[in-house]
Amino acid sequence: KNEVEQSPQNLTAQEGEFITINCSYSVGISALHWLQQHPGGGIVSLFMLSSGKKKHGRLIATINIQEKHSSLHITASHPRDSAVYICAVRKGNEKLTFGTGTRLTIIP
Amino acid sequence: NAGVTQTPKFRILKIGQSMTLQCTQDMNHNYMYWYRQDPGMGLKLIYYSVGAGITDKGEVPNGYNVSRSTTEDFPLRLELAAPSQTSVYFCASSQGANYGYTFGSGTRLTVV
């Protein structure tokens with residue numbers, strides 16, 4: 001079993017829908033990262049969080065340390081949100097362990 | 001501010017050839033990383049560095065070498081390229097363990 005599991009693997013939604021992507025992990029962590037990888041391949045860091053909730057524009061990330069679970073939400077989704085969203089956890093040292101990503105497609 | 005710059009963007013190597021993937025950052029970050037991304041797999045750490053003169057192995061270091069002579073540069077060397085090294089390689093940097101990462105745009109390498 002991977003230390004970081006994401007669900008769903010693929011998600012297709014209509015423009016405007018509320019999107020939720022989930023990340024579960026099996027080890028104690030010091031921080032969790034959400035990353036976005038666009039079709040061109042570049043990777044952008046969206047959030048780093050160790051507790052609670054963070055918001056940036058239409059993106060919201062939450063984490064429940066006790067349940068070892070994090071969610072990434074996108075409100076009022078748009079076709080430009082189409083990308084692979086990657087969850088990664090840090091276990092107290094410098095190294096991240098990555099999930100395999102959730103491929104999101106938003107249809108106009 | 002250029003961030004993290006990787007070169008080349010694409011490369012095709014023949015089996016047994018060698019090459020160096022270049023990575024440079026202009027943010028004065030101490031931490032730098034090399035990852036490879038294979039289809040359907042999460043990014044895997046090859047090597048990392050927490051400062052100039054310091055490097056350490058990640059999860060998948062075999063077949064690679066790195067050096068960190070300056071804060072800015074963290075080249076990845078492939079010796080005797082093998083088809084198993086066909087992948088997309090990403091360099092990243094971070095201000096420290098408690099900070100977010102900045103990624104380069106990636107190098108797509110094919111070994112034939």
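Here, every reference points to the structure presented above.
Below, the structure is looked at part by part. (Residues numbered from 1 in each chain as written. Chains lettered and ligands numbered in written order. Predicted model: local features only at pLDDT ≥ 70, side-chain atom pairs only at ≥ 80, totals over all residues. Heavy atoms only, no water.)

Quick notes on the pattern of salt bridges
All names here are of chain A. Applicable threshold: The rule for a salt bridge is simple: a side-chain nitrogen of Lys or Arg has to be within 4 Å of a carboxyl oxygen of Asp or Glu. Each helix is a run of DSSP H or I of at least 4 residues and each strand a run of E of at least 2, with the numbering of both proceeding from the N terminus. Remark: exposure states derive from per-residue accessible area (1.4 Å probe, protein chains only) relative to the maximum for the residue type, with buried under 20%, exposed over 50%, and partly exposed in between.
Applying the stated rule across the entire model yields four salt bridges over all chains. Between glutamate 3 and lysine 91 there is a salt bridge whose closest N-O contact spans 3.1 Å. Of this pair, glutamate 3 sits in the segment before strand E1 (4-7) while lysine 91 sits in the loop between strand E9 (83-90) and strand E10 (96-98), and the two are 88 residues apart along the sequence. The exposure class of glutamate 3 is partly exposed, given its relative accessible area of 29%.

Focus on the state of the cysteines
Spelled out, the test is: Note on disulfides: each one is a pair of cysteine sulfur atoms within 2.5 Å.
Across all of its chains, the model carries two disulfides over all chains by this definition. Between the sulfur of Cys23(A) and that of Cys87(A) lies a disulfide, 1.9 Å long from S to S. Negative torsions about the S-S bond denote left-handed disulfides, and the value of about -65 degrees found for Cys23(A) with Cys87(A) makes this one left-handed. Of this pair, Cys23(A) sits in strand E3 (residues 19-25) while Cys87(A) sits in strand E9, placing them 64 residues apart in sequence. Taking relative accessible area as the criterion, Cys23(A) reaches 0% and is therefore assigned buried. For Cys87(A), a relative accessible area of 0% translates into the label buried. Here Cys23(B) connects covalently by a disulfide to Cys91(B), the sulfurs 1.8 Å from one another. On the sign convention where negative is left-handed, the bridge of Cys23(B) and Cys91(B), at about -70 degrees about the S-S bond, is left-handed.

That is the geometry; function is a separate question.
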